[in-house]
Amino acid sequence: MLEGPYQDLEAHVNALRERMSRLSAAVLRVSASLDVNVVLQEVVANARELTSARYGIITTVDEAGQPQAFITSGLTEEERTQMARWPDGPRLFEHFRNLPEVVRLDDLPDYARKLGFSTRLMMTKTFQSTPMRYQGTHVGSFFLGEKEDGQTFTDEDEEVLVLFASQAATAIANARAHHDERQARAHLEALVETSPVGVVVCDAHSGRPVSLNRTAARIVEGLCMPGLTPEQLMGAITCRRGDGRELPFSEIPIVRLNTVGAEEVELSMPDGRSIKTLINVTPVRSTQGEVLSAVITLQDLAKFEELERSRAQFLALVSHELRTPLAAIKGSASTMLGTPPPLDPSEAEQMFRIIDEQTDHMRGLIGDLLDAGRIAGGTLSVTPEPMELISMVEQARNAFQNSGSEHAILIDLPRTLPPVLADKNRIVQVLSNLLANAMQHSPVSSPIQVTAVREGEYVEISIKDKGHGMAAGRPPRSLRKLAPEDEGSGLGLSICKGLVKAHGGRIWATSAQGRGTQFAFTIPVAANARETDSGTAYRPDLSGEDSARASVLVVDDDPKMLRFVRETLSKAGYSPITTTEYQNISQIIAEEKPKLILLDLMLPGTDGIELMESVPELADVPVIFISAYGRDETIAKALESGAIDYLVKPFSSTELTARIRAALRRHADPEPFVFGDLTIDYSQRRVSVAGRDVHLTTTEYELLHTLSENTGRVVTFELLIRRMWRTPEKGDTDRVRTFVKQIRRKLGDDASRPAYIVNVRGVGYRMKTVDDP
């Protein structure tokens with residue numbers, strides 16, 4: 001009689017065991033991956049299988065409650081499309097998403113109709129859903145629909161839904177926490193790596209360096225020994241402390257674990273090379289207070305010592321400059337007051353004239369000091385406008401000769417010079433300072449020469465004397481590091497440099513012992529200046545469209561710099577596009593199509609030179625680097641990467657707009673390309689070899705244009721394909737080779753002994769240069 005009930009009980013137990021086994025296997029499959037998308041796909045698939053649902057859907061929302069992901073299982077592509085087209089679908093999903101608990105329905109269409117939703121495209125009848133929450137935070141919703149054989153969902157099905165919804169919510173929360181942690185770690189690493197202070201992490205017990213940032217590597221590279229890595233170099237360094245004691249670098253963390261504050265330490269190598277640094281050590285402790293590692297910060301004191309020397313030199317310079325007029329004023333006043341009999345009126349007038357002249361001289365010196373301060377702070381502004389160079393040169397010459405100078409000034413300016421974009425008073429000031437400098441270093445009998453020539457989008461002005469030249473052992477160099485004592489020229493030359501730079505130009509000096517010195521500087525040609533048909537004069541053309549309406553993309557991680565550049569560009573009439581996220585630069589270029597890009601050299605996790613190499617879109621737009629690094633080798637490397645200009649921070653708003661204006665003009669109207677017999681006139685789209693016109697197709701011309709404008713660099717197949725056809729396709733590399741072959745044939749170029757186009761096997765092509773054999 002008990003056989004029937006026992007059989008039912010055994011069947012029920014077996015069903016429970018089977019259900020538990022399937023549930024355990026499903027949980028193991030879900031837990032096998034750390035990828036949140038894989039986990040969610042496993043969750044919805046296993047929940048479907050265990051509840052016999054035809055389809056399942058998981059929707060997730062971000063921290064702001066906005067829809068994020070849409071994961072499905074069991075739906076065909078047609079059904080997914082149909083669901084996406086259902087006009088009431090989003091509102092119905094939102095309704096279920098906002099419900100606080102599980103919903104189980106036997107007739108979903110009827111439920112939807114009562115709420116006022118359309119059911120025309122509804123694909124299911126039986127339905128259950130639950131919100132997904134993690135620690136009280138809503139992260140999404142889980143839906144199951146259409147149980148097999150038209151059955152309704154059971155309590156056991158609801159338990160499965162809630163269980164897997166909990167797992168999905170945990171996976172989503174863990175993925176977000178992991179993402180936030182990785183992002184925070186990446187931000188911290190970028191902050192440390194780009195810090196201007198050297199950072200070295202050492203093992204607290206052995207003192208062995210574990211890692212060091214870019215600045216620390218740069219500091220110790222000054223002590224570099226062949227074959228040693230920066231970490232190995234740390235092991236060879238000896239530290240000399242302020243009290244004279246010496247110890248290996250590896251002992252610093254151990255000795256100073258409990259020391260607070262900075263200490264001046266000299267790092268030295270066995271061969272005698274040394275660097276003075278400011279060192280601080282901070283222990284990193286576990287939660288139990290055990291010291292795990294030590295963070296050592298290094299600051300190279302060379303720059304601070306250089307600043308201190310510059311400060312002392314500046315004070316000595318100011319004292320010297322002011323002492324001379326003060327002595328003359330004091331002497332004249334003492335003569336007036338200390339002479340017992342009254343001075344003859346003519347003598348008294350002479351004393352008053354000396355006082356008046358020297359007072360004017362002092363006022364000029366004070367003005368120079370103020371200008372020097374503005375230049376150092378990057379706040380010097382100029383107001384450039386189209387000007388004829390000859391008028392400014394004549395004004396400077398007249399003022400120079402009226403000051404009593406006996407030197408002859410020879411002016412040689414071509415009549416074909418175009419108007420320049422200049423602040424008249426400031427350029428006259430530059431010319432006057434350079435003329436005064438030439439007068440101080442050349443005999444009265446030798447004339448001072450003033451010449452000018454157009455160089456592309458600039459006019460180059462030169463002032464040459466026949467004095468003693470620079471001291472022996474001092475090669476001609478730019479004014480970037482020219483100190484006042486170099487030439488005995490006081491503040492004048494440093495102010496000249498700042499004024500020329502504010503105009504967007506450059507200034508430099510060349511000299512030879514006993515042959516005099518030549519100072520040259522450039523200022524931009526006025527906008528829209530064009531050569532007349534006769535070729536005898538240039539005049540501004542004000543009817544053309546102003547290039548200042550162009551959009552300019554600015555990429556910099558410094559918010560203050562972005563704000564300054566944005567305000568400057570807006571005032572100048574440009575359309576600035578600013579971003580701190582260099583990762584999106586390709587997308588921004590594609591969407592905004594900027595005419596020019598200002599790119600910070602140092603960015604978190606990368607630098608501008610690496611971006612020039614890794615982001616092909618940067619090759620399509622002129623790039624100007626902006627950076628606080630002004631070393632010659634850094635500037636040269638940046639320009640070699642493809643940039644057309646380089647601005648050293650801090651810079652004035654006038655210099656920035658002048659550089660941008662010149663860059664846009666160069667890009668819009670570039671100089672013809674000439675190499676050997678080959679000439680490419682970009683403005684006329686005309687190609688000729690030894691005067692013979694070469695007829696190229698549009699694609700052939702664009703390819704040759706791309707190669708020629710990147711002379712000195714290898715142009716990759718990827719860049720050529722993108723410039724020619726925008727969207728790469730299979731076989732495009734062969735198409736490039738075919739077009740190059742056709743161009744070579746038309747130019748008379750031999751691939752085995754190229755005269756113009758050189759093949760870089762497997763990479764791309766480049767134009768031949770004078771440095772090639």
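The sections below set out a description of the structure shown in this document. Worth saying up front: this structure is predicted, and the values here are computed from it rather than measured.

## Some words on the overall build of the chain
For the chain, the count of helices and strands is 23 helices and 36 strands. Put simply, the chain has 773 residues, and 42% of those count as buried. Put simply, of all contacts in the chain between residues at least 6 apart along the chain, 61% involve residues at least 24 apart. Of the roughly 41,200 Å² of accessible surface on the chain, a fraction of 52% belongs to carbon and sulfur atoms.

## Some points on the packing of aromatic side chains
Within the structure shown, the criterion is met by 9 aromatic pairs. The interplanar angle of 90 degrees and the centroid separation of 6.1 Å between the aromatic rings of F70 and F93 together place this pair among those described as edge-to-face. Of the two residues, F70 is situated in strand β2 (residues 67–73) and F93 in helix α4 (residues 89–97); the sequence distance between them amounts to 23 residues. Centroid distance F717 to Y765: 5.7 Å. Interplanar angle 80 degrees. Geometry classified as edge-to-face. With F717 in helix α22 (residues 717–725) and Y765 in strand β36 (residues 764–767), this pair connects stretches of sequence that are 48 residues apart. Here F717 matches Y765 in class, with each residue buried. Aromatic rings pair up to connect F70, F93, F96, Y111, F127 and F143 into one cluster.

## Side note on the sheet that holds strand β3 (residues 103–105)
Sheet architecture is open: 5 strands sit in the order β2-β1-β5-β4-β3, paired in antiparallel fashion. Edge positions in the open sheet fall to β2 and β3, since each of these has one partner strand only. Each adjacent strand pair in this sheet contributes to an overall mean axis angle of 15 degrees, direction not counted. Bridge count between strand β4 (residues 127–134) and strand β5 (residues 137–147): 8 bridges; the pairing is antiparallel. Bridged to M132 within β5 is G140. Where α4 meets the sheet, its contacts fall on β1 (53–61), β2, β3, β4 and β5, and the angle it forms with β5 comes to roughly 115 degrees.

## Overview of the side chain of S446
In this fold, S446 is placed in the loop between α13 (424–440) and β16 (448–455). Taking the relative accessible area as the measure of exposure, S446 reaches 9% and is therefore buried. At 2.9 Å, the side chain of S446 and the backbone oxygen of P443 are in polar contact. Setting aside residues up to four positions removed in sequence, S446 forms contacts with H407 and K466.

## Things to note about a nonpolar patch on the surface
On the surface, L188, L191 and V192 cluster together into a nonpolar patch covering about 270 Å² of accessible area. Note on placement: V192 falls in helix α6 (residues 155–193).

## Some words on α4
Listed as buried for α4 are G89, L92, F96 and R97. An end-on view of α4 places all buried positions within 140 degrees of arc, on one side of the element. Those residues of α4 that are buried are in contact with β1, β2, β3, α5 (108–114), β4 and β5.

## Observations regarding the sheet that holds strand β25 (residues 596–600)
Strand order in the open sheet formed by 5 strands is β24-β23-β25-β28-β29, and the pairing between neighbours is parallel. Strands with a single pairing partner mark the edges of an open sheet, and in this sheet they are β24 (575–579) and β29 (645–648). The average undirected angle you get between the axes of adjacent strands in this sheet is 20 degrees. Across the sheet, helix α17 (residues 585–592) lies against β23 (551–555), β24 and β25, angled at about 170 degrees from β23, the strand it touches most.

## Some details on the packing of α13 against helix α15 (residues 492–502)
Each pair of packed helices can be summarised by the angle the axes make with each other and by the distance between the axes. Where α13 contacts α15, the two axes come as close as 9 Å, and the packing angle between them is 150 degrees. For the element pair α13 / α15, the angle class is roughly antiparallel. Like other packed secondary-structure pairs, α13 and α15 cross with a definite hand, here left-handed. Contacts between α13 and α15 involve R426, Q429, V430, N433, L434 and N437 from the former and G492, L493, I495, C496, L499 and V500 from the latter.

## What about α17?
Along α17, the residues classified as buried are I585, I588 and I589. When α17 is viewed along its axis, its buried side chains cluster within an angular range of 100 degrees and face the same direction. Count one or two residues on from α17 and you reach K593, which has phi positive near 50 degrees.

## Focus on the pattern of salt bridges
One pass over the structure, following the stated rule, counts 19 salt bridges. Measuring nitrogen to oxygen at the nearest pair gives 3.1 Å for the salt bridge that ties D556 to K649. In this pair, D556 is assigned in the loop between β23 and α16 (559–571) and K649 in the loop between β29 and α20 (653–668), connecting sequence segments 93 residues apart. Grouping residues by exposure puts D556 and K649 together as buried. Between D600 and K649 there is a salt bridge, with the nearest N and O atoms lying 3.6 Å from each other.

## Some details on the packing of α16 against α20
As a packed pair, α16 and α20 sit with axes 10 Å apart at the nearest point and diverge in direction by 65 degrees. Between α16 and α20 the crossing geometry is right-handed. On α20, the residues touching F564, V565, T568 and L569 of α16 are S653, L656, T657 and I660. The residue inventory of the contact of α16 with α20, partitioned by class, reads 5 nonpolar, 3 polar and no charged.

## A look at the nonpolar core
Within the largest apolar cluster, 38 residues are counted, with the highest numbers of intra-cluster contacts made by L389, M392, L431, I461, I463 and F521. Looking at this core, the elements with two or more residues in it are α12 (389–402), β15 (420–422), α13, β16, β17 (458–464), α15, β19 (507–511) and β20 (517–524). Top contributing element to this core by residue count: α13, with 7 residues. Setting aside chain neighbours within four positions, we find L389 in contact with L413, L417, A452, V459 and I461. Counting 27 residues, the second largest nonpolar core, distinct from the first, contains F673, V687, V689 and I743.

## A look at the pairing of β5
When you tally the buried positions in β5, you get 8 out of 11 residues, the bulk of the element. As paired elements, β1 and β5 share 7 bridges and run antiparallel to each other. Each residue of the ladder has a partner; that of A53, found in β5, is K147. Linking β4 back to β5 in an antiparallel pair, the connection comprises 2 residues, with Q135 at a positive phi of about 50 degrees.

## Details of the state of the cysteines
Considering all chains together, one arrives at 0 disulfides under this definition. Sulfur of C202: no disulfide; nearest cysteine sulfur belongs to C239 and is 9.9 Å away. For C202, a relative accessible area of 0% gives the class buried.

## Structural notes on the environment of R515
Following the sequence through the fold, R515 ends up in the loop between β19 and β20. The exposed category is assigned to R515, whose relative accessible area is 66%. Once the C-alpha coordinates of R515 and K466 are considered, the two residues, 49 residues apart in sequence, prove to be 5.8 Å apart. Not counting residues up to four positions away in its chain, the partners in contact with R515 are D465, G467 and H468.

## Considering the environment of E347
Along the chain, E347 falls in helix α11 (residues 345–377). C-alpha of E347 to C-alpha of M336: the two residues are 11 residues apart in sequence and 9.3 Å apart in space.

## Looking at unusual backbone geometry
Here Q135, not a glycine, exhibits a phi torsion of approximately 50 degrees, which is positive. The class for Q135 is exposed, based on a relative accessible area of 70%. Phi at A690 is positive, roughly 55 degrees, even though this residue is not glycine. Residue placement: A690 occurs in the loop between β32 (686–689) and β33 (692–694).

The rules behind these values
- Residues numbered from 1 in each chain as written.
- Predicted model: local features only at pLDDT ≥ 70, side-chain atom pairs only at ≥ 80, totals over all residues.
- Heavy atoms only, no water.
- Helix = DSSP H or I, 4+ residues; strand = E, 2+ residues; numbered from the N terminus.
- Buried < 20%, exposed > 50% of the residue type's maximum accessible area, 1.4 Å probe, protein only.
- Contact = heavy atoms within 4.5 Å.
- Areas by Shrake-Rupley, 256 points an atom, 1.4 Å probe, with all protein chains shown as cover.
- Phe/Tyr/Trp six-rings, centres within 6.5 Å; stacked < 30°, edge-to-face > 60°.
- Pairing = 2+ DSSP bridges.
- Axes fitted to C-alpha atoms, helices over the stretch in contact; angles between N-to-C directions.
- Polar contact = N/O pair within 3.5 Å; in protein donor to acceptor, adjacent residues only side chain to side chain.
- Patch = residues over 30% accessible without salt bridge, like charges linked within 9 Å, V, L, I, M, F, W, Y side chains within 5 Å.
- Salt bridge = Lys/Arg side-chain N within 4 Å of Asp/Glu carboxyl O.
- Arc of directions from axis to C-beta.
- Parallel < 35°, antiparallel > 145°, perpendicular 65-115°, else oblique.
- Left-handed = near helix turned anticlockwise from the far one by under 90°.
- Nonpolar A, V, L, I, M, F, W, Y, C, P; charged D, E, K, R; others polar.
- Core = buried A, V, L, I, M, F, W, Y, C linked by side-chain atoms within 4.5 Å.
- Disulfide = S-S within 2.5 Å.

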